[in-house]
Amino acid sequence: MIGFEFIAAIGLGSNGKSAPRHPCKTKHLTNLRQTYSDEALTLEPPVRLSLEQCLEFIDDDELLEVTPKALRMRKRVLEKIGRVKLDRQKAKAARLEE
């Protein structure tokens, strides 16, 4: 896509936790019956949050990028593997403190 740069996005899952999302990947239809409901799929517009709302929303493992035109919330470590390793290190450190 010209003019757009996508990185691995994080969405809010139905259980209230962060879940990795990628807006450019298509839904695979292998081994499934095709239905016509997928053709009418529409995306919801993104929720625009103010600076205060963003600061209340982010977790400890997230950052807020502030530019003149946009506010972007992202994870401190972008790669999922890096986030898993960091979580393991934090859990190991917590066990050692006990």
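Fair warning: this is a prediction, and the values are worked out from it, not measured in the lab.

Peer 1: Looking at this model, I keep getting lost on the overall build of the chain. Mind explaining?
Peer 2: Of the regular secondary structure elements, the chain holds two helices and four strands. Listed N to C, the secondary structure of the chain is β-β-α-β-β-α in terms of helices and strands. Burial status across the chain gives 9% buried among its 98 residues. Of the accessible surface of the chain, which amounts to about 9500 Å², a share of 55% is contributed by carbon and sulfur atoms.

Peer 1: Would you explain the pairing of strand β4 (residues 71-75) in this entry?
Peer 2: Where a strand is regular, its side chains alternate between the two sheet faces. Two elements, strand β3 (residues 62-66) and β4, share five bridges in a ladder whose sense is antiparallel. In the sheet register, V66 faces β4, and the bridge partner there is L71. Hairpin connection of β3 to β4: four residues between the antiparallel strands.

Peer 1: Would you mind going over the confidence of the model for the chain with me for this structure?
Peer 2: Low-confidence regions, as indicated by low pLDDT, have predicted coordinates that should not be scrutinised in detail. Across the chain, pLDDT averages 77, with 59% of residues at or above 70. The spread of mean pLDDT over the elements of the chain runs between strand β1 (residues 9-12), the lowest at 64, and helix α1 (residues 51-57), the highest at 92.

Peer 1: Would you explain the pattern of salt bridges in this entry?
Peer 2: A pair can form between side chains of opposite charge whenever their charged atoms are brought close. According to the stated counting rule, one finds four salt bridges in the structure shown. With its nearest N and O atoms 2.9 Å apart, the salt bridge here joins D61 to K75. One end of the pair, D61, is in the loop between α1 and β3; the other, K75, is in strand β4, with 14 residues separating them in the sequence. Given the relative accessible area of 27%, D61 is considered partly exposed. Between E65 and R74 there is a salt bridge; the shortest N-O distance is 2.5 Å. Residue classification places E65 among the partly exposed positions, given a relative accessible area of 28%. Since its relative accessible area comes to 24%, R74 is described here as partly exposed. Among the charged side chains, a network of salt bridges with common partners joins D61, E62 and K75.

Rules used in this analysis
- Residues numbered from 1 in each chain as written.
- Predicted model: local features only at pLDDT ≥ 70, side-chain atom pairs only at ≥ 80, totals over all residues.
- Heavy atoms only, no water.
- Helix = DSSP H or I, 4+ residues; strand = E, 2+ residues; numbered from the N terminus.
- Buried < 20%, exposed > 50% of the residue type's maximum accessible area, 1.4 Å probe, protein only.
- Areas by Shrake-Rupley, 256 points an atom, 1.4 Å probe, with all protein chains shown as cover.
- Pairing = 2+ DSSP bridges.
- pLDDT = per-residue confidence, 0-100.
- Salt bridge = Lys/Arg side-chain N within 4 Å of Asp/Glu carboxyl O.

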